[in-house]
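Descriptive structure summary
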Amino acid sequence: SNPCDNAQEREAINRSGAITFQCMAAVTPMNNAGKAVDHLAVVKGDVDDLGYLFSEGLGDKLSISRYVYFSRMLNLFFTDYLKDLLKNKFPDIYTVYAGGDDFLLLGPWEQAIRVASEIRKSFQVFTGCNPHIHLSAGIELFKPRQPVMAAVTKTDEALEKSKMLSRKNGVCVFGRAAPW
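Before going into details, it helps to say that this report is about the structure given with it. (Residues numbered from 1 in each chain as written. Predicted model: local features only at pLDDT ≥ 70, side-chain atom pairs only at ≥ 80, totals over all residues. Heavy atoms only, no water.)

Observations concerning the nonpolar core
- By size, the foremost hydrophobic cluster in this structure holds 29 residues, and its most contacted members are Phe78, Leu105, Ile119 and Phe123.
- Listing elements by their share of this core, those giving two or more residues are β1 (40-47), α3 (50-56), α4 (64-89), β3 (102-108), α5 (109-126), β4 (135-142) and β5 (170-173).
- A per-element tally of this core places α4 first, with seven residues.
- If we skip the residues at most four places from it in the chain, Phe123 touches Val47, Leu74, Phe77, Phe78, Ile133, His134 and Leu135.
- Ranked by size, the runner-up nonpolar core spans nine residues in total, among them Ala25, Leu40, Val42 and Leu104. (Core = buried A, V, L, I, M, F, W, Y, C linked by side-chain atoms within 4.5 Å. Buried < 20%, exposed > 50% of the residue type's maximum accessible area, 1.4 Å probe, protein only. Helix = DSSP H or I, 4+ residues; strand = E, 2+ residues; numbered from the N terminus. Contact = heavy atoms within 4.5 Å.)

Laid out in structure tokens, this is it:
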């Protein structure tokens, strides 16, 4: 039998620090009384137009210290704040990488969709609701036994599709790109 089908056994696996994709995917059906598919999702996101923000965003006030400060603040969001957000609200989401101006996450598909929205909202607050600083994301679903790299490649394509929106600042999930 699959130890991930039992909530108590799954919790013991979680506490051990190691979790399989099968167990990660089992979260969604368990949370929905068995009435959901056990898929995983890859979420990839990054800040839109970062080169423009660095080159033009500071205007005539550009200096090395402002450039470094802006860079470090973005990195702080993706390395520290995002880490705490996931730990406290989305413990089943696994961070592949997060830092600089982007992130790649993996987890149960329903949580992945919610976490993308939560990251966007938190980033908006972090930037003081500045309408010129925003991010886009791509989300791609896959089965636990499918190759992860294929899902990551499709997620890259979804992210690019979200960046093709007229003002970017969107998400692509289930093959459809839309503003947040």
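A closer look at the packing of aromatic side chains
- Applying the stated criterion to the full structure yields seven aromatic pairs.
- Aromatic pair Trp109 and Phe174: ring centres 6.5 Å apart, planes at 70°, arrangement edge-to-face. Of the two residues, Trp109 is situated in helix α5 and Phe174 in the loop between β5 and β6 (176-179); the sequence distance between them amounts to 65 residues.
- By relative accessible area, which is 16% here, Trp109 ends up buried.
- Looking at Phe174, the relative accessible area reads 55%, which means it is exposed. (Phe/Tyr/Trp six-rings, centres within 6.5 Å; stacked < 30°, edge-to-face > 60°.)

Some details on the side chain of Thr155
- Looking at the element boundaries, Thr155 is found in helix α6 (residues 148-162).
- What makes Thr155 buried here is its relative accessible area of 0%.
- A polar atom in the side chain of Thr155 sits 2.7 Å from the backbone oxygen of Ala151.
- Excluding residues within four positions of it along the chain, Thr155 makes contact with Val42, Val43, Lys44, Gly138, Ile139 and Glu140. (Polar contact = N/O pair within 3.5 Å; in protein donor to acceptor, adjacent residues only side chain to side chain.)

Observations concerning the sheet that holds strand β2 (residues 94-99)
- Ordered by their spatial adjacency, six strands build an open sheet running β2-β3-β1-β4-β5-β6, and the pairing between neighbours is mixed. Looking along the sheet, the strands with just one partner apiece sit at the ends: β2 and β6. Strand-to-strand, the axes of this sheet are offset by a mean angle of 15°, without reference to chain direction.
- Sheet analysis places β1 next to β4, joined by eight bridges and oriented antiparallel. Residue pairing for β4: Val47 is matched across the bridge by Leu135.
- Contacts between α4 and the sheet are confined to β1, β2, β3 and β4, with β2 contributing the most and set at about 160° to the helix. (Pairing = 2+ DSSP bridges. Axes fitted to C-alpha atoms, helices over the stretch in contact; angles between N-to-C directions.)

Purely spatial values, then, with no claim about function.
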